[in-house]
Amino acid sequence: MTTSTLAIGLVVSVLGTLTAGIAALLPSPQAHRISNTLLALSALIGALVGILVAIGSGTGESVILPDSLYALDGAAHTWPMFYGMIFGLDSFSAIFYTLVSVVTFFVAMYAIPYLEQHASTYNIKSVNALTALFVFGMQGVLLSTNIIGFMTFWEVMSMSSVFLVLAEGTVAARKAGFLYLIMTHLGAGAIMAGLFLLSGGALLSDFSIIAQITPGLPQLTVFIALGLILFGFGSKAGLVPFHVWLPEAYGEAPITATAIMSGAGISLAVYGFLRVLLFMVATLPMWFVLAVVAFGLVSAMVGVLYAVVERDLKRLLAYSSIENLGVIFTMIGVALLAGQEGSVDLTQAALYAALFLVTAHALFKSGLFLAAGIVIQNVHSRRLEAMGGLAKRMPQFSVAVCVLALTAAALPPFGPFVAEWIFLQSMVGSLSMATPMLKVALVVILAIMGFVAGLALFAMVKLYAISFLAKPRTEAAAAAVEPASNLLFPVAGLALGGVLLGVFAPVVLSHIGAVDLAAIDSQFEASITAGGGTLSPLGVF
């Protein structure tokens, strides 16, 4: 498939999202269904384009707008709009564009029946329009190739999500929205300042130009910029101690908005962070690398501890997201640390593991939030104590939720297990050849990761057991019924996505360039020998 064809698909995807937002405001009684149908279709097209670009589509080229469109007639053109800004999708941003599109597709399908049943709670027109604007902002962030474009769409994404948190209009929603507004603007300001310093003030410069500027900057300038970047993207990712907004915002936003925020929105923090570190900064100071590892580990521990004790379903899932993002940033930190210590294999393995876990997290976490919406709708409470016995009354739905919970617990053969196994295997395999400093760091990280993994499993078992097993604890739980197929389909689809991502992990890894990892994990036959013992993934079945 040619880049021109992919460019057309990309434009259709973005314009379709905008059209969905406009359609949401039409006076027609069918505006709600039209808007979400358009959003789902545009997301489906976006997912197809993203997959083709991510795997190379036979061309190995990036899709550059408007150049790829101009190539259709072979004539020379100028680009008068937006000060000549260029938009593009390379194999790296295509991974995130795909996961944003996939999550949006399922959420849009879910929103059609769900929001109709909550018309008395939300202004449906506003929620639909803001959701489309939120998705449009994420698309713009991923397509931007310079600072001004990146930050413009980052602000669109941030502000639309703030208003989604405020959608219910309660006192709790206003408090959560105000806190989110403060944190998102502090983070955006830090990112803007950091990129401004790294670019030498050239806000309209292409990202590739910034990579040429940074080596000549004063060391102190780079240090300050990296600190701002870590705070900015770390706060968006919900890293501790910048996480205070996340449980509040996720707890009060409409469930459709929360599913996109947790599955796709939070992933863009990882994208932005990696875009800066991998594509703009040539050399990273050791203090920054260790800080990334430390923030990741602390976030994973704090997030999972709060998830274990939390009794509110939506907040439990929010703390689980903090834990997951903590693990992802730990993987990124280990990759950077291994690079500093000359361990190339560990660097590559940890980065691929982080990208794989980001993708898996987008699927299972958005699925769990959509499932939470169905549960809360039936039992009229977010408290786990008000549930119980749902598996008997909602058998098909309970199977989908069980799969999602097992996926979140990183058990085989699901996607998160593959990501964490690659990470674990690469760390243990690097111990014998690592420098003394790297050995100490890896041992500490392995111990903490084991602790986090055990508690994450406990948190997901608690979530499922208390809400779906035993006997109903309230009359509402006893009266729960199987959700309609149009509500069940998105949850089941995302659950199936987590299974397929794990089962076909070798195919996915090989297509994104991790050929060696795909070969190692293709049959799950690899084992780790350490201290006289052998550990194999097959042993957990």
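Thresholds applied
- Residues numbered from 1 in each chain as written.
- Predicted model: local features only at pLDDT ≥ 70, side-chain atom pairs only at ≥ 80, totals over all residues.
- Heavy atoms only, no water.
- Helix = DSSP H or I, 4+ residues; strand = E, 2+ residues; numbered from the N terminus.
- Contact = heavy atoms within 4.5 Å.
- Areas by Shrake-Rupley, 256 points an atom, 1.4 Å probe, with all protein chains shown as cover.
- Expected span 1.5 Å × (residues − 1).
- Axes fitted to C-alpha atoms, helices over the stretch in contact; angles between N-to-C directions.
- Parallel < 35°, antiparallel > 145°, perpendicular 65-115°, else oblique.
- Left-handed = near helix turned anticlockwise from the far one by under 90°.
- Nonpolar A, V, L, I, M, F, W, Y, C, P; charged D, E, K, R; others polar.
- Core = buried A, V, L, I, M, F, W, Y, C linked by side-chain atoms within 4.5 Å.
- Buried < 20%, exposed > 50% of the residue type's maximum accessible area, 1.4 Å probe, protein only.
- Polar contact = N/O pair within 3.5 Å; in protein donor to acceptor, adjacent residues only side chain to side chain.
- Phe/Tyr/Trp six-rings, centres within 6.5 Å; stacked < 30°, edge-to-face > 60°.
- pLDDT = per-residue confidence, 0-100.
- Salt bridge = Lys/Arg side-chain N within 4 Å of Asp/Glu carboxyl O.
- Patch = residues over 30% accessible without salt bridge, like charges linked within 9 Å, V, L, I, M, F, W, Y side chains within 5 Å.

(A) Inspection of the overall build of the protein chain at higher detail. Of the regular secondary structure elements, the protein chain holds 23 helices and four strands. At a minimum sequence separation of 6, the contacts of the protein chain that also span at least 24 residues come to 81%. A total accessible area of about 19,900 Å² is found for the protein chain, and carbon and sulfur atoms account for 70% of it.

(B) Broad picture of helix H19 (residues 436–468). In a regular helix each residue adds 1.5 Å, so 33 residues correspond to 48 Å; H19 covers 48 Å between its end C-alpha atoms and thus fits that length. One or two positions beyond H19, positive phi appears at Ala470, with a value near 65°.

(C) The packing of helix H7 (residues 171–198) against helix H9 (residues 219–237), seen in detail. At a minimum axis separation of 8 Å, H7 and H9 run at an interaxial angle of 150°. When the axes of H7 and H9 are compared, the pair comes out roughly antiparallel. Remark: the crossing between H7 and H9 carries left-handed chirality. Residues Tyr180, Met183, Leu186, Gly187, Ala190, Ile191, Ala193, Gly194, Leu195, Leu197 and Leu198 of H7 touch H9, and the partners they reach there are Thr221, Ile224, Ala225, Leu228, Ile229, Phe231, Gly232, Phe233, Ser235 and Lys236. In terms of residue class, the contact of H7 with H9 is made up of 15 nonpolar, five polar and one charged.

(D) Structural detail: the nonpolar core. One finds Phe96, Phe150, Trp154, Phe273 and Phe397 to be the most contacted residues of the largest nonpolar core, which totals 192 residues. Setting aside residues no more than four positions away along its own chain, Trp154 makes contact with Val141, Ala188, Ile191, Phe233, Lys236, Leu268 and Ala269.

(E) View of the side chain of Ser426. Following the sequence through the fold, Ser426 ends up in helix H18 (residues 415–430). Looking at Ser426, the relative accessible area reads 12%, which means it is buried. Reaching out from Ser426, the side chain makes a polar contact with the backbone oxygen of Phe423 at a distance of 2.8 Å. The residues contacting Ser426, other than those within four sequence positions of it, are Leu346 and Ala349.

(F) Examining the packing of helix H4 (residues 91–116) against helix H5 (residues 124–143) more closely. At a closest axis distance of 10 Å, the pairing of H4 and H5 adopts a crossing angle of 175°. Compared by their axis directions, H4 and H5 come out roughly antiparallel. Along the contact surface, H4 presents Ser93, Phe96, Tyr97, Val100, Thr104, Leu115 and Glu116, while H5 presents Ile124, Val127, Asn128, Val135, Met138, Gln139, Leu142 and Leu143. Residue composition of the contact of H4 with H5, grouped by class: ten nonpolar, four polar and one charged.

(G) View of helix H17 (residues 395–408). Between its terminal C-alpha atoms H17 stretches 20 Å, which fits the 20 Å expected from 14 residues at 1.5 Å a residue. Within H17, burial applies to Phe397, Ser398, Ala400, Val401, Leu404, Ala405, Thr407 and Ala408. Buried positions along H17 lie against helix H15 (344–379), helix H16 (390–393), H18, H19 and helix H21 (485–503). Taken from the residues just after H17, Ala410 is the one with a positive phi, measuring 60°.

(H) Expanded view of the packing of aromatic side chains. Per the counting criterion, the structure on display carries 26 aromatic pairs. Seen from their ring centres, Phe150 and Phe207 are 6.2 Å apart, and the 70° between their planes marks the pair as edge-to-face. Pair noted here: Phe150 is in helix H6 (residues 147–165) and Phe207 is in helix H8 (residues 207–213), with a separation of 57 residues, a long-range link. The exposure class assigned to Phe207 is buried, which follows from its relative accessible area of 7%. Look at Trp154 and Phe233: their rings are 5.5 Å apart centre to centre, the planes differ by 85°, and that puts the pair in the edge-to-face class. Of this pair, Trp154 sits in helix H6 while Phe233 is found in helix H9, placing the two residues 79 residues apart along the sequence. Overall, the relative accessible area of 1% leaves Trp154 in the buried class.

(I) Representation of the side chain of Asp312 in the model. Structurally, Asp312 is set in the loop between helix H13 (286–309) and helix H14 (313–340). The buried category is assigned to Asp312, whose relative accessible area is 8%. Here Lys314 takes part through its backbone nitrogen, which lies 3.1 Å from a polar atom of the side chain of Asp312. Beyond its immediate stretch of four places on either side in the chain, Asp312 contacts Arg382 and Arg383.

(J) View of the confidence of the model for the protein chain. Taken residue by residue, the protein chain gives an average pLDDT of 87. The fraction at 70 or more is 89%. Every residue in residues 73–81 scores below 50 in pLDDT, and together they form eight contacts with partners more than four places removed in sequence or on other chains. A low-confidence stretch, residues 518–541 (pLDDT under 50), is modelled with 38 contacts involving residues beyond four sequence positions or located in other chains.

(K) Layout of the pattern of salt bridges. Applying the stated rule across the entire model yields eight salt bridges. Residue Arg275 is joined to Asp90 by a salt bridge in which the shortest nitrogen-to-oxygen separation is 3.1 Å. Taken together, the residues Arg275 in helix H12 (residues 267–279) and Asp90 in the loop between strand S2 (87–89) and H4 connect sequence positions 185 residues apart. The burial state of Arg275 is the same as that of Asp90; both residues are buried. For Asp312, the salt bridge goes to Arg382, with nearest N and O atoms at 3.0 Å.

(L) Fine view of a nonpolar patch on the surface. Together, Leu496, Leu500, Val503, Phe504 and Val507 make up an exposed nonpolar region whose accessible area comes to about 420 Å². At three residues, the largest contribution of residues to the nonpolar patch is made by H21. The residue Val507 is located in helix H22 (residues 505–511) in this model.

(M) Quick peek at unusual backbone geometry. Residues Val240 and Pro241 are joined by a peptide bond in cis, for which omega reads 10°. Structurally, Pro241 is set in the loop between H9 and helix H10 (245–252). In this structure, the amide linkage connecting Pro412 to the following residue, Pro413, adopts the cis form with an omega of 5°. Among the secondary structure elements, Pro413 is positioned in the loop between H17 and H18.

(N) Representation of the environment of Leu48 within the structure. Among the structural elements, Leu48 can be located in helix H2 (residues 31–54). Leu48 sits 38 residues away from Leu10 along the chain, and the two C-alpha atoms are 9.4 Å apart.

(O) Structural view of the environment of Ser35. In this fold, Ser35 is placed in helix H2. Each C-alpha atom of the pair Ser35 and Leu25 lies 8.7 Å from the other, and the pair is ten residues apart in sequence. Ignoring any residue separated from it by four or fewer positions in sequence, one finds Ser35 in contact with Ala20, Ala23, Ala24 and Asn128.

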